[in-house]
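So the chains spell out like this:
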Amino acid sequence: QVQLVESGGGLVQAGGSLRLSCGASGRTFSSYVMGWFRQAPGKEREFVAATSRNGYSTNYADSVQGRFTISRDNAKNTVYLQMNSLKPEDTAVYYCAADPTRLRGGVRPVDYNYWGQGTQVTVSS
């Protein structure tokens, strides 16, 4: 089992940047596919980005492609989400998630077994 804790959220103006971090407990972090999801008020949780176990393979939602970058540091048990050119529609609670079974990141919440508590990102216009 793994415990996940997100940090780095906050309030930023449109066009700005934020970097989210997600720290994981346990010794087997490198065996988990890691993903980021987000959920805006009144909307379903949606996929943002995912990275394979070694970080060499990544995939992104169309809405963030070219603006967001997911990366991981297995030595630090941490996954990151660098968010650039932020838009008001990026406002949401952002969650990191871990999947111990797949080789590449799934895009559905049900693909992931473990979740963090979330961190709020608010982008003002």
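What counts as what
Residues numbered from 1 in each chain as written. Predicted model: local features only at pLDDT ≥ 70, side-chain atom pairs only at ≥ 80, totals over all residues. Heavy atoms only, no water. Helix = DSSP H or I, 4+ residues; strand = E, 2+ residues; numbered from the N terminus. Rg over C-alpha atoms; globule rule 2.2 N^0.38 Å. Buried < 20%, exposed > 50% of the residue type's maximum accessible area, 1.4 Å probe, protein only. Contact = heavy atoms within 4.5 Å. Areas by Shrake-Rupley, 256 points an atom, 1.4 Å probe, with all protein chains shown as cover. Lys, Arg positive; Asp, Glu negative; His and termini not counted. Charge placed at Lys NZ, Arg CZ, Asp CG, Glu CD. Pairing = 2+ DSSP bridges. Polar contact = N/O pair within 3.5 Å; in protein donor to acceptor, adjacent residues only side chain to side chain. Disulfide = S-S within 2.5 Å.

*Asks:* Would you explain the overall build of the chain in this entry?
*Replies:* Secondary structure assignment for the chain yields zero helices and eleven strands. When the elements of the chain are put in sequence order from the N terminus, they spell out β-β-β-β-β-β-β-β-β-β-β. Taking 14 Å as the expected radius of gyration for a compact globule of 125 residues, we find that the chain reaches 13 Å, a close match to that expectation. Oriented by its inertia axes, the alpha-carbon framework of the chain measures out at about 40 × 25 × 25 Å. Counting every position in the chain, which comprises 125 residues, the buried fraction comes to 45%. Within the chain, counting contacts between residues at least 6 apart in sequence, those at least 24 apart form 59% of the total. Counting only carbon and sulfur atoms, one obtains 46% of the accessible surface of the chain, whose full area is about 6,400 Å². For the chain, the centre of its 13 positive side-chain charges and the centre of its 9 negative side-chain charges are spaced 6 Å apart.

*Asks:* Whenever I open this one, the pairing of strand E5 (residues 46-51) confuses me. Can you help?
*Replies:* Every regular strand shows the same layout, with side chains that alternate between the two sheet faces. In terms of residue burial, E5 counts as a mostly covered element, since five of its six residues are buried. As defined by bridge partners, strand E4 (residues 33-39) adjoins E5 across five bridges and the pair is classed as antiparallel. Bridge pairing in E5 links Met34 to Thr51. Where E4 folds back onto E5 in an antiparallel hairpin, the turn is made up of six residues, including Gly42, whose phi is positive at roughly 75 degrees. Taken together, E5 and the strand that follows it, strand E6 (residues 58-60), pair antiparallel across an intervening segment of six residues, in which Gly55 is found at a positive phi of about 85 degrees.

*Asks:* What is the right way to look at the side chain of Asp111 in this model?
*Replies:* Note that Asp111 resides in the loop between strand E9 (92-99) and strand E10 (114-115). A distance of 3.3 Å separates the side chain of Asp111 from the backbone nitrogen of Val107, its partner in a polar contact. With sequence-adjacent residues up to four places away left out, Asp111 is seen in contact with Asp99, Arg102 and Gly106.

*Asks:* I tried to follow the state of the cysteines on my own but got confused; where do I start?
*Replies:* Here a disulfide denotes a covalent bond joining the sulfur atom of one cysteine to the sulfur atom of another. Counted by the stated rule, this structure contains one disulfide. Between Cys22 and Cys96 runs a disulfide, and the two sulfur atoms are separated by 1.9 Å. In this structure the cystine formed by Cys22 and Cys96 twists about its S-S bond by roughly 45 degrees; its chirality is therefore right-handed. With Cys22 in strand E3 (residues 18-24) and Cys96 in strand E9, the pair connects residues that are 74 residues apart, well separated along the chain. For Cys22, a relative accessible area of 0% puts it in the buried group.

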